[in-house]
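Working through the structure, step by step
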Amino acid sequence: MLNNIDLLTIAPALNVQLLLDGLFIGAIFVLAAYGLALVWGVMNVKNLAQGEFVIMGGYFAWHLGTLGLHPILALPVVFALMFGFGWVLYEAIIKYVVTRDLFTSLLATFGIALVVQQALNLAYGPEVRTADSGFGTWSLFDGLVTIAEIKFISFGLCILLAAGVVTFMKKSRMGQAIRATSQDARAAKVMGIDTERVYAFTYALNAAICGAAGVLVSMIWVIQPFYGVPHSIRSFVIVTAAGLGNLPGVIVTGLGLGVAEQYSGFVLGSEYQQATVVGLLVVVLVVRMLQYARHRQVVQ
Amino acid sequence: MTSSRNTWILHVAILTAGVLAPFLFPGYTTQIALLWMMILFALTWDIVGGQMGYNSLGNIFFFGAGMYISATVQVGMFTDVGAYTSARGGEQLVLGYGDYFISMFAGMGLAAVGCVILAIIIGLVVFGLRGPYFAIGTLGIALSARELFSTWEWVGGGSGIAMPVYPGLPDEKSLVNYTILFVLAIATFIFVRWLYSTRFGLAINAIRDDEEKAEAMGLHTMRHKVVAWSVSAFFLGMSGAVFGNMTGFVEPMEVAFPTITFGIFMVVMSLLGGKGTLWGPVIGATVFHVIKEVTWTYMLGWQWVALGVLIVVNVVFFQQGILGWVQEKWPEKFGIVVEDMSAEGEEEAA
């Protein structure tokens, strides 16, 4: 462990590698976390199937890749497919969950997560997969730092996608309706907004964003049917730490989480990378709890 | 009067069935032993999840922690744990009857005590969390324990610990484990039944119904929550110790912290039977386990998909559970007067 820290001071270029990798991965975490914040904020559903949507999108891209479609071109197709999947899921299950208590939504989406990961396992098997994008890699600092071109492209796509979603939320009619519903669902209803449709659209949009994030994951990282859980936990860590409706916070926390994971993976060993995510979740929750406790004391 | 006599008959019938089962179906002793363990799981989950309204997704933590405590105690009484685990099960401990049982019961006892201590420490932290944060936080604890134990070399890391070998024949071993789990499940039921009849039972129900109000009425909510969790941990820790001896091998991912199987089963079973009732978890566990054992192997990989669908359907469309549904259908059988039906309905909705 100490050897690895020494290594970082001897070869500072390695820091560049870890930072860049962390940012590239973190940008994808931001996308999934933004989707969760959207669903959480608008319809108060804690979607535990978030990571499974990501992995599902990744598998769609991989599958289209085996049919000869380039993963980047598959992105819009997967976006549309996952949007449809989200809408169907809403009509079948989530519709009945929105008005219920918190645990119902948590457990129901957990059940969905279980179904999705097992179905993917049955369909594609438990092997770890990567969608081949066919780009080269750059070497910097005499080969100490290697960066795949696809990671840059994915980062660009992330920004593009995020900008698209944010503009959509700001400018479009539906985006305004979604924001109105999240502020006050009853008032929105009184004003003639079909909140039922808004909910369906929000959930479908979340699934689509996650699916797009999954396409990027499948290109720059690996996918496996059971790798969804860490993605879900990451989304929860980011949203819990940043708070709802705090887009800059989500971006900073997401990128920070990506970097932190890369560093802990390098310094402690890759088997600790998962433990870092889960550990951070517990830390974030404890900090939140202490804040609540202080708040309660003030109230007293 | 008749209802109390019926209850007596029911109790005696269950006890007789439990005693006779391994002799009537000797081939299924392990499966029936697991049924008792499932009943214990559902009952202990329901103390905090159903009666107190704190839906934990991480109770399996105590199962695994108890298993590891008992494993280290049982091995540590006779040899050095670190050296034993680093041999990677090269030589298993072979003990005589006396040593085996003394170490096993010592392991169980310490597992129970250790889990209660862990429950108090962790409870003081997680019970500050409410609603979904509590569920996610407890899930996080179970998952991080998994990661922690698979990197902790002293207890064997990912390759685990081989438990001492049972000195007798395999049939005898499964009968012994059956008896212990049977007694444990019955003890849990009796204890929980008594607990719900005391002021403590009323207090945790008050916490479920409205925690702020309960606190305002002078109830020390944190103390009640931690004690309720400790009760769960006590019995779960012991069941973990027995299960470790049953499988003969303790490993973090599949045996000690099976979050996705046992950890979720306990929630599903309580919900299926009707959470927040005494008999609900027992009924749910029995129905779930029997269906699972009968159909599991015939579903060819689809069993997990079916489990997920069962969770969704159960939670979304059938949340009152079997017992809750029966109570709604025939309230008079439960001594519920028709005027009270709205109150009863409210309680179930909560």
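Scoring rules and cut-offs
- For every chain, the first residue of the written sequence is number 1, and numbering continues from 1 along that sequence.
- Chain letters and ligand numbers both follow the written order, the letters beginning at A and the numbers at 1.
- Reporting in this predicted model follows two pLDDT cut-offs: at least 70 for local features of residues, and 80 or more for side-chain atom pairs to be given and counted; totals over whole chains, interfaces and linings ignore these cut-offs and use all residues.
- Helix numbers and strand numbers start at the N terminus; a helix is a DSSP run of H or I with at least 4 residues, a strand a run of E with at least 2.
- Two things to know: the radius of gyration comes from C-alpha atoms, and the globule rule equals 2.2 Å times the number of residues to the power 0.38.
- With C-beta atoms placed from the backbone, a contact is any residue pair whose C-beta atoms sit within 7 Å.
- Here a residue counts as buried when 20 or more other C-beta atoms sit within 10 Å of its C-beta, as exposed when there are 12 or fewer, and as partly exposed otherwise, the C-beta atoms being derived from the backbone.
- A helix is expected to span 1.5 Å for every residue after the first.
- Classification used: nonpolar for Ala, Val, Leu, Ile, Met, Phe, Trp, Tyr, Cys and Pro, charged for Asp, Glu, Lys and Arg, polar for all others including Gly.
- Each nonpolar core comprises buried Ala, Val, Leu, Ile, Met, Phe, Trp, Tyr and Cys residues, the members being joined through C-beta atoms within 7 Å.
- Axis definition: a line fit to C-alpha positions, over the contact stretch in the case of helices; interaxial angles, taken between N-to-C directions, run 0 to 180 degrees.
- Orientation categories follow fixed angle ranges, with anything under 35 degrees roughly parallel, anything over 145 roughly antiparallel, 65 to 115 roughly perpendicular, and all other angles oblique.
- Throughout, a crossing is termed right-handed when the near helix is turned clockwise from the far one, and left-handed when it is turned anticlockwise from it by less than a right angle.
- The angle between axes fitted to the seven-residue stretch ending at a residue and the seven-residue stretch beginning at it gives the bend at that residue.
- Every residue gets a pLDDT, meaning the predictor's confidence in that residue, from 0 to 100.

When helices and strands are counted, chain B shows 16 helices and two strands. Over its C-alpha trace chain B gives a radius of gyration of 21 Å, about what one expects of a compact globule, namely 20 Å for 350 residues. Once the C-alpha set of chain B is aligned to its principal axes, its extents read approximately 70 × 45 × 40 Å. Look at the contacts in chain B between residues 6 or more apart in sequence, and 81% of them connect residues 24 or more apart.

This brings us to the overall build of chain A. Secondary structure assignment for chain A yields 12 helices and two strands. Starting at the N terminus and ending at the C terminus, chain A contains elements arranged as α-α-α-α-α-β-β-α-α-α-α-α-α-α. Expected size for 300 residues packed as a compact globule is a radius of gyration near 19 Å; at 20 Å, chain A falls within 12% of this value. Dimensions of chain A along its principal axes, counting C-alpha atoms only, are 65 × 60 × 40 Å. Across the 300 residues in chain A, those meeting the buried criterion constitute 46%. For chain A, contacts bridging at least 24 residues in sequence account for 77% of all contacts bridging at least 6.

Quick look at helix α2 (residues 13–43) of chain A now. Residues and elements named next belong to chain A. Across its 31 residues, α2 extends 45 Å between first and last C-alpha, which sits within 8% of the 45 Å expected from 1.5 Å per residue. Extensive coverage of α2 is indicated by the burial of 22 of its 31 residues. Once α2 finishes, N44 follows within two positions and takes phi at roughly 60°, a positive value.

Take the interface of chain B and chain A next. Taken together, the 29 residues of chain B in the interface contact 33 residues of chain A. Of all the secondary structure elements, the ones that give two or more residues to the side of chain B that touches chain A are α6 (131–151) and α14 (303–317) of chain B. When residues of the side of chain B that touches chain A are assigned to their parent elements, the largest contribution, 13 residues, is made by α6 of chain B. Taken together, the residues of the side of chain B that touches chain A break down into 18 nonpolar, 10 polar and one charged.

Core analysis: the largest hydrophobic core is formed by 200 residues, its most contacted members being F41 and C115 of chain B. Per-element tally for this core: the top contributor is helix α9 (residues 195–220) of chain A, with 18 residues. Discounting residues that sit within four places of it in the chain, C115 of chain B has contacts with F62, A65, G66, A233, F234, L236 and G237 of chain B.

This paragraph deals with the environment of E147 of chain B. Looking at the secondary structure, you find E147 of chain B in helix α6. As a C-alpha pair, E147 of chain B and P252 of chain B span 105 residues in sequence and 8.0 Å in three-dimensional space. Look past the residues within four positions of E147 of chain B in its chain and what remains in contact with it is Q274, A275 and V278 of chain A.

This brings us to the packing of helix α5 (residues 102–124) of chain A against α14 of chain B. Remark: α5 of chain A packs on α14 of chain B, axes separated minimally by 8 Å, with the N-to-C direction vectors making an angle of 160°. Of the possible angle classes, the one that applies to α5 of chain A and α14 of chain B is roughly antiparallel. α5 of chain A and α14 of chain B meet at a crossing whose hand is left-handed. Contact with α5 of chain A, carried on its side by T104, L107, A108, F110, G111, I112, L114, V115, Q118 and A119 of chain A, involves W304, V305, L307, G308, V309, I311, V312, V315 and V316 of chain B of α14 of chain B and no other residues of that element.

Now for the packing of helix α3 (residues 50–66) of chain A against helix α4 (residues 71–92) of chain A. Residues and elements named next belong to chain A. Interaxial distance between α3 and α4 falls to 9 Å at its minimum, and their mutual angle equals 130°. On the basis of the axis angle, α3 is oblique to α4. Along this stretch, α3 crosses α4, giving a crossing that reads as right-handed. For the pair α3 and α4, contact is made by F53, M56, G57, F60, A61, L64 and G65 and by P71, A74, V77, V78, L81 and M82, respectively. Split into classes, the residues belonging to the contact of α3 with α4 amount to 11 nonpolar, two polar and no charged.

Attention now moves to the environment of I161 of chain B. All names here are of chain B. Along the chain, the position of I161 falls in strand β1 (residues 161–162). The class of I161 is buried, set by 25 C-beta atoms lying within 10 Å. The spacing of I161 and I117 is 44 residues in sequence and 23 Å in space, taken between C-alpha atoms. Ignoring sequence-local partners within four residues, the contact set of I161 consists of A71, V75, T85, V155, G156 and V250.

It is worth spelling out the environment of F235 of chain B at this point. Residue and element names in this part refer to chain B. For F235, the location among the structural elements is in helix α10 (residues 221–247). Residue F235 is classed as buried on the basis of its 25 C-beta neighbours within 10 Å. Non-local contacts of F235, meaning those with residues more than four positions away in its chain, are made with L40, T44, L184 and T188.

The next thing to look at is unusual backbone geometry. Residue and element names in this part refer to chain A. In the Ramachandran plot, N44 falls in the positive-phi region, its phi being about 60° despite a non-glycine side chain. Within the element layout of this structure, N44 appears in the loop between α2 and α3. N44 sits in the partly exposed class, given 18 other C-beta atoms within 10 Å.

So, on to helix α2 (residues 29–51) of chain B. All names here are of chain B. Taking 1.5 Å per residue, 23 residues should reach 33 Å; α2 reaches 32 Å between its end C-alpha atoms and fits that length. When the local axis directions of α2 are compared, the greatest deviation, roughly 40°, occurs at W45. Within α2, 20 of the 23 residues are buried, which leaves it mostly tucked inside the rest of the structure. Immediately beyond the C-terminal end of α2, within one or two residues, lies G53, with a positive phi of roughly 75°.

For the rest of this paragraph, the subject is the confidence of the model for chain B. All names here are of chain B. On average, residues of chain B score 84 in pLDDT, and 93% of them are at 70 or above. The element-level mean pLDDT for chain B is lowest in helix α16 (residues 341–349), coming to 46, with α10 highest at 92. Listed scores for the predicted complex are pTM 0.83 and ipTM 0.79.

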